[in-house]
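# Remarks on the overall topology
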There are 4 protein chains.
Amino acid sequence: MTRLQWRTAGESHGPTLIGIVEGVPAGLQLDVERVDAELARRQLGYGRGGRMRIETDRVEILSGWKGGVTIGAPIAFAVKNKDSVIERLPTPTNPRPGHADLAGCQKWGHRDPRAVLERASARETAARVAAAGIARQVLEAFGVEVFGYLTALGGVRCDPGAWDAANGRRSEVRASSEFLSLDPAADAAMREAVDQAREAQDSLGGTFEVRALGLPPGLGSCASGPERLTARVGGAMFSIPAIKGVEFGLGMEVAERRGSAVHDGIVPGGGAEAFSRTSNRAGGLEGGCPPGSPWWCAPP
Amino acid sequence: MTRLQWRTAGESHGPTLIGIVEGVPAGLQLDVERVDAELARRQLGYGRGGRMRIETDRVEILSGWKGGVTIGAPIAFAVKNKDSVIERLPTPTNPRPGHADLAGCQKWGHRDPRAVLERASARETAARVAAAGIARQVLEAFGVEVFGYLTALGGVRCDPGAWDAANGRRSEVRASSEFLSLDPAADAAMREAVDQAREAQDSLGGTFEVRALGLPPGLGSCASGPERLTARVGGAMFSIPAIKGVEFGLGMEVAERRGSAVHDGIVPGGGAEAFSRTSNRAGGLEGGCPPGSPWWCAPP
Amino acid sequence: MTRLQWRTAGESHGPTLIGIVEGVPAGLQLDVERVDAELARRQLGYGRGGRMRIETDRVEILSGWKGGVTIGAPIAFAVKNKDSVIERLPTPTNPRPGHADLAGCQKWGHRDPRAVLERASARETAARVAAAGIARQVLEAFGVEVFGYLTALGGVRCDPGAWDAANGRRSEVRASSEFLSLDPAADAAMREAVDQAREAQDSLGGTFEVRALGLPPGLGSCASGPERLTARVGGAMFSIPAIKGVEFGLGMEVAERRGSAVHDGIVPGGGAEAFSRTSNRAGGLEGGCPPGSPWWCAPP
Amino acid sequence: MTRLQWRTAGESHGPTLIGIVEGVPAGLQLDVERVDAELARRQLGYGRGGRMRIETDRVEILSGWKGGVTIGAPIAFAVKNKDSVIERLPTPTNPRPGHADLAGCQKWGHRDPRAVLERASARETAARVAAAGIARQVLEAFGVEVFGYLTALGGVRCDPGAWDAANGRRSEVRASSEFLSLDPAADAAMREAVDQAREAQDSLGGTFEVRALGLPPGLGSCASGPERLTARVGGAMFSIPAIKGVEFGLGMEVAERRGSAVHDGIVPGGGAEAFSRTSNRAGGLEGGCPPGSPWWCAPP
């Protein structure tokens, strides 16, 4: 069986982004509208140039299905760019800090930052969102759910209890926040931070959290470092250029604590379960992989 | 050309750890004593059960060289365990929190935590240190130097200026610290933290920093997410089970800053250089890869 | 550096074939007409349903270049199908022998051979030809030339001396043969074999030869089995479903010969060369990799 | 789950051969004596320098098991060399034809064939035999059996009906042949061929056949070329340096036949089976993968 894997291609202002997802099992009814919904969500967010003027990305499945059902073949897809103007755009005079411009020009020995930035662009993540929109449907068939949301922006932090408070209606709560957080009450302060930064012709940083529920115990491997789920997810997160820090569970805070305030107790379970956990400070990853359900009993 | 890569095998109390390093070019004079010195450094650190009783790990090169010079073949090595007692050790009654015990027992469907913990053990990193001791000599042939040191332990943080202050004699300074930091003046406070934790039968967290100097611009890729150096180094760091957070440059702090306080200016260079940088907040990684030298002009 | 590699996707009667080629260095002027010429050559051959009614495949480069020059990014391309009728085609009643129909239906647990055969189709090789048309231009930049031609069809064998006889004008000779051989004098007999088989509603087998000139010595590896050029090329050849046998040099005939009639002597070279070879029975591959130039002195 | 995979290291006259097999599931009782028996079989064969003086290779499992049962961790093993004399052996004056000597010396830019031949040696296959001896036990747990035997040597061909004739006692028949064929009646002629070649200070070629029974349908993939079982097995066969030709089923003979004399009919099955096959000319591989049982009804 081919491992579930993806590849993307395409430039920011080229004709199209292309992706190939391999290893999707045959027989999966693929819901393209849900992939489009993920692409639409990617384009949301206050301060993105105005919600009124949103370009609407759409995925076009080019292969790997028949009658809406996957056939075990590689799934190729396109996310077309509205403005395929790569050949007409000017060559920037200078490389920009915080981007790959300088690295690419030196690596390939030329002086055209555009030949670098067109690929090393945030636009590339649109292809990943489409690939993930397909992968998500594979995961769901195995009872795995993945949910991401904003937790801080421009110094404004969301309520740490927002995840629990939104239990049972998280998608709706996230959709009601202009910043895709689970704490819409923080929207006003974030809007102000965005407006002030924009006025100063500056930009803002932020954090987001991703939770995966229903992972089978030991997913990845606890016997081989590079196969650990922490290694694979951590590496994937750091493949997004803007990301400068990744934390699991308590994250960097474990450096400040004693072990007794870090580890999550294993206690005999009540009812049908053989055991339960007294906390989830590890982010559901022990020894680099999920310890299995029920792994979560109370917030950290 | 085979890519430089490694594999390890071996349990904590099995007869030996084994590693295979592939892709080492032929013609490299391999200094085994330096690899042993790295293994010895791994075993240092106050609170490790006493420096007096250190087991001395040694690497034994089993293949891939002739007359001390690499021949382009896979380099296999052994780091032998003193006590090969895996078959005589008792089976723990309970899985331990913070380890792979629970994940592994459920993944493989048995009730023997020892069959899990023997491999998912910190001892495995001894094989990685040996592999890295070989890889380091390859990197040096290309002018790349990698240096790691402790920056905080048990809440005691080293002087942020320690890197600069130790310029020109960093190896010596690190060797003079019982905690392998560049700030030996912090040793006393760290010793106290360790002693107190030990008295309370507890353990401590900490942070370390690794710096790589001399990386060629664009190493990895700025055109393909999974090949980005951030993705590969970040994934490698998270393959070490105990690590819960990884940061490049400012790390999580970028979430709190405006872009103008994050990016590193590119300015016309003085002297022979075409340009220089006004800061290095990005940790020498822009768009996921090294922007090239001179990338560093002043501390963040 | 990303290794030169390819992926394809797409069904026989889906909207398009898609390919992604990664690892092409930046700065290569890409000649798309030459790729189209390879696609056209793939569609040639007497008995293919009539040369008059040839569908003309064309490659469309979707990413990875700017102004006709590669930029170091993944090159995605499309080869569009004229008839995108996958959803309207009937489901075959029975799986066909000699195809993946039966394997796929059982693997994926359904009864629709079309869901299998659409991907496991000879049409997929069109995407490989396009990918190879790009890779060929990379190889040429390193002085490597690859040339394939028919050597037998339906029991009619071409003159073994055809390669030498066509020296200096091989492309022209091959283009002059309706069967893409280097021995157009054999065309008449082959046409007759094709006509007779067609009349009997049957098909024919054949052989072809591929020669690569200018390979650097030791390409691949002689130190690691899976990296040997024989392993990689042999595996690639066998990834084409119809291929049931692959030979290098003398091939299966070595089984009948003594070693002295198999090995290629190494003798002191005349002129500027340090050595030369008395024959090339090994197909230019010794120990699984090219022994370097001048490796060829006389026909086997 | 880590894919089942192997790596080897070690030189012909170095201290030891080393292998790592990854992806072996936990819970497999590993029979080391059977691995040793495979190593012993590798050392058999008339003309090998005398059966009396056989070095006895033994595998030593270094990791990945506990109490004789695999634990899901990488299995490292050693096959020690009796004469670890690599440092004392003379450097050959000249590279040998038919070996990697010339390729390696040019690839790595030196003049020491020993530094090449020590790794590119037939001795390396001992490590593969040990790895395969482990993998075989994994396959058996899934009902897959693999059996190899000699079919021709020095122009002497075994009876094509030997496979069928030996049904039910193939291991015993093979063990009774000095050449590990299923046709011991051919031993005398083969001995004579070996004796004559030895007298002439020459060597001989031969062929062998490997049959895998019980493969699940579609193993590998019929949707992705490089994953096809033909591609992976073919590549693996060609990773053995001496192999110059690989055939599946009829092999090169398909080039001489019409399709009707190549394909294997699919007919309604008698009894409990839904269908059966009229022949097995494809070698049990259609579209590059196994079409599933019952795939075999009568010899080609």
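Located above this text is the structure these notes cover.
Attention in this report is confined to the structure presented alongside it. (Residues numbered from 1 in each chain as written. Chains lettered and ligands numbered in written order. Predicted model: local features only at pLDDT ≥ 70, side-chain atom pairs only at ≥ 80, totals over all residues. Heavy atoms only, no water.)

Moving on to the overall build of chain A. In terms of helices and strands, chain A carries eight helices and 12 strands. Rg of the C-alpha trace for chain A: 21 Å, near the compact-globule value of 19 Å for 300 residues, within the 12% margin. Taken over the C-alpha atoms alone, chain A extends approximately 65 × 50 × 40 Å along its principal axes. The buried share of chain A, reckoned over its 300 residues, is 52%. Considering only contacts in chain A between residues 6 or more positions apart, those separated by 24 or more positions represent 56%. For chain A, the computed accessible surface area is about 13,200 Å², with 53% contributed by carbon and sulfur atoms. Each charge sign in chain A was given a centre, from 35 positive and 35 negative side chains, and these centres are 3 Å apart. (Helix = DSSP H or I, 4+ residues; strand = E, 2+ residues; numbered from the N terminus. Rg over C-alpha atoms; globule rule 2.2 N^0.38 Å. Buried < 20%, exposed > 50% of the residue type's maximum accessible area, 1.4 Å probe, protein only. Contact = heavy atoms within 4.5 Å. Areas by Shrake-Rupley, 256 points an atom, 1.4 Å probe, with all protein chains shown as cover. Lys, Arg positive; Asp, Glu negative; His and termini not counted. Charge placed at Lys NZ, Arg CZ, Asp CG, Glu CD.)

On to the packing of aromatic side chains. Applying the stated criterion across every chain yields a total of 20 aromatic pairs over all chains. Judged by centre distance (5.7 Å) and plane angle (25 degrees), the rings of B:Y149 and B:W163 are stacked. In this pair, B:Y149 sits in strand β7 (residues 145–153) while B:W163 sits in helix α5 (residues 162–165), placing the two residues 14 residues apart along the sequence. Assigned by exposure class, B:Y149 and B:W163 land together as buried. Among the aromatic residues, those joined into a cluster by ring pairs are A:F147, A:Y149 and A:W163. Its end group placed over the ring of A:W163, A:R170 keeps NZ or CZ at 3.6 Å from the ring centre. For the cation-ring pair, D:R211 lies above D:W163, with the distance from its terminal atom to the ring centre recorded as 4.4 Å. (Phe/Tyr/Trp six-rings, centres within 6.5 Å; stacked < 30°, edge-to-face > 60°. Lys NZ or Arg CZ within 6 Å of the ring centre and 35° of its normal.)

Most of helix α2 (residues 101–108) of chain D is tucked away, with six of its eight residues classed as buried. Buried residues along α2(D) sit against β11 (266–268) and β12 (275–277) of chain C together with α3 (113–117) of chain D. Following α2(D) by one or two positions, D:G109 adopts a phi angle in the positive range, close to 70 degrees.

Copy one and copy two of the chain differ by a rotation about a common axis and a shift along it. Superposing chain D onto chain A takes a rotation of 180 degrees plus a shift of 0.0 Å along the axis, which leaves an RMSD of 0.0 Å. On this basis, the relationship between the two copies can be described by a two-fold rotation axis. Scanning chain D for the C-alpha nearest the rotation axis identifies D:R3, at a separation of 4.5 Å. Most of the interface of chain D is mirrored in chain A, where 100% of its interface residues again form contacts. (Least-squares fit on C-alpha atoms with pLDDT ≥ 70 in both.)

Residue and element names in this part refer to chain B. In space, the four strands of this open sheet follow the order β1-β2-β6-β3, with antiparallel pairing throughout. Edge positions in the open sheet fall to β1 (5–9) and β3 (59–61), since each of these has one partner strand only. For this sheet the average axis-to-axis angle between neighbouring strands, irrespective of direction, equals 20 degrees. In the packing of helix α1 (residues 32–42) onto the sheet, the strands contacted are β3 and β6 (75–80), and the crossing angle to β3 comes to about 150 degrees. In the packing of helix α4 (residues 124–141) onto the sheet, contacts are made with β1, β2 (16–22), β3 and β6, and the angle to β6 comes to roughly 140 degrees. (Pairing = 2+ DSSP bridges. Axes fitted to C-alpha atoms, helices over the stretch in contact; angles between N-to-C directions.)

What follows covers the relation of the copies chain A and chain B. With an RMSD of 0.0 Å, chain A superimposes on chain B once it is rotated by 180 degrees and translated 0.0 Å along the axis. When you check the interface residues of chain A against chain B, 100% turn up at the interface there too, and the contact is symmetric in its surfaces.

Let us look at unusual backbone geometry. In this model, A:Q201 sits at a positive phi of 55 degrees, which is unusual for a non-glycine residue. Tracing the chain through its elements places A:Q201 in the loop between α7 (187–199) and β9 (206–213). With a phi angle near 60 degrees, C:L180 is a residue other than glycine that sits in the positive phi range. One can find C:L180 in the loop between α6 (170–176) and α7 (187–199). A relative accessible area of 15% places C:L180 in the buried class.

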